[in-house]
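Architecture and fold: a report
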Amino acid sequence: MAMNRHIGSPLKSIVSTFSIYQGLGLLFIVSVATIAGYTLTYQRSVNRLRQEGNSVIEQAAGILSRPLWNFDKDTLAQYTDVFLNNSAVNSVQIRDERGQIVMEKSLKSYPETSITPHFSMARPIYFNKMNIGTVTFTFTMFPAYSRARHTVMIMVLMSLIFLVAVVFASIFQLRQFVLRPLSELSESMKEIAHGDYSEKLSLIQKREFESIASG
């Protein structure tokens, strides 16, 4: 049994080393893929958010034209509250043709952090082809960040499952097709060393092992 321990121990070390390096390699690939996936998802979400914001502010500029012309602050306030119901809108500011603020409201829907920046859009307000003011919307990028984070979490979970499956499958194959034949060869070598030359061994998994067994 001493010969088996002498041969088996380095082989187990090889399996462990192989598993570690394979795991690290796959982890590196998964990390790169996750970072790339997050970046692409976040960028697509931001682009879609900007398109939605552009559509919202264009509609707002048309809706606000008559109440701003009539200087109807109550109606402007009602419309502003409606705009703030949009989950991506953080603030609305309405100015007249002189640049004076007529109406301004904000809603802190999301936490302001360095990874959830905001962006603003402004549009002129026309009434009978006359520029009577400007509306400015401030949008939060938190929805884009949230969508990207959700996508990355799914990617990470699937990648970890794949990583574990590949490592275990590789270890199984290594044990089945490398360690097991070598262990059988080790047993035969022990029998031959003890003078039993009747020992016969057939290893058909690989031609190299069969050649060694025949020898």
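These figures come from a predicted structure and were not determined experimentally. (Residues numbered from 1 in each chain as written. Predicted model: local features only at pLDDT ≥ 70, side-chain atom pairs only at ≥ 80, totals over all residues. Heavy atoms only, no water.)

**Describing the overall build of the chain**
In terms of helices and strands, the chain carries five helices and four strands. Along the chain direction, N to C, the helices and strands of the chain fall in the order α-α-α-β-β-β-β-α-α. By residue count, 34% of the 215 residues in the chain fall in the buried class. Intrachain contacts of the chain at a sequence separation of at least 6 include 62% that bridge at least 24 residues. Carbon and sulfur atoms make up 60% of the accessible area of the chain, which totals about 13900 Å². (Helix = DSSP H or I, 4+ residues; strand = E, 2+ residues; numbered from the N terminus. Buried < 20%, exposed > 50% of the residue type's maximum accessible area, 1.4 Å probe, protein only. Contact = heavy atoms within 4.5 Å. Areas by Shrake-Rupley, 256 points an atom, 1.4 Å probe, with all protein chains shown as cover.)

**Looking at the pattern of salt bridges**
On inspection of all chains with the given rule, the structure shows three salt bridges. The residue Lys105 makes a salt bridge to Asp81 at a minimum N-O spacing of 2.8 Å. Of the two residues, Lys105 sits in strand β2 (residues 101–106) while Asp81 sits in helix α3 (residues 73–84), which places them 24 residues apart along the sequence. Between Asp96 and Arg98 there is a salt bridge, and its shortest N-O distance comes to 3.4 Å. (Salt bridge = Lys/Arg side-chain N within 4 Å of Asp/Glu carboxyl O.)

**Section: the nonpolar core**
Residues Val92, Ile94, Ile125, Val135 and Phe137 are the most contacted members of the largest nonpolar core, which totals 31 residues. For this core, the elements supplying multiple residues, two or more each, are α1 (2–63), α3, β1 (89–96), β2, β3 (118–127), β4 (130–140) and α4 (142–193). The element that contributes the greatest number of residues to this core is α1, accounting for seven residues. Excluding anything up to four places from it in sequence, Ile125 contacts Ala61, Leu64, Ser65, Leu68, Ile94, Met130, Asn131, Ile132, Gly133, Thr134 and Val135. (Core = buried A, V, L, I, M, F, W, Y, C linked by side-chain atoms within 4.5 Å.)

**Structural notes on the pairing of β4**
Of all eleven residues making up β4, eight are buried, and the element is well covered by its neighbours. Sheet topology note: the β3/β4 ladder contains ten bridges and is antiparallel. Within β4, the position partnered with Phe119 by the bridge is Phe139. What sits between β3 and β4 in their antiparallel hairpin is a turn of two residues, with Asn128 showing a positive phi close to 55°. (Pairing = 2+ DSSP bridges.)

**Considering the sheet that holds β1**
One open sheet accounts for four strands, arranged β2-β1-β4-β3; its pairing is antiparallel. The open sheet is flanked by β2 and β3, the only strands paired with a single partner. For this sheet the average axis-to-axis angle between neighbouring strands, irrespective of direction, equals 15°. Along the sheet face, α3 touches β1, β2 and β4 and points at about 30° away from the line of β2. (Axes fitted to C-alpha atoms, helices over the stretch in contact; angles between N-to-C directions.)

**Quick look at the confidence of the model for the chain**
Averaged over all residues, the pLDDT of the chain is 75; the fraction at 70 or higher stands at 74%. For the chain, the element scoring lowest by mean pLDDT is helix α5 (residues 207–214), at 57; helix α2 (residues 65–69) scores highest, at 92. Counting contacts from residues 1–8, a segment whose pLDDT is below 50, to residues more than four positions away or on other chains yields nine contacts. In this model, residues 109–115 is a region of pLDDT below 50 whose contacts with residues beyond four sequence positions or in other chains number twelve contacts. (pLDDT = per-residue confidence, 0-100.)

**Brief notes about the pairing of β2**
Here β1 pairs with β2 via five bridges, running antiparallel. In the strand pairing of β2, Ser91 is matched with Ser106.

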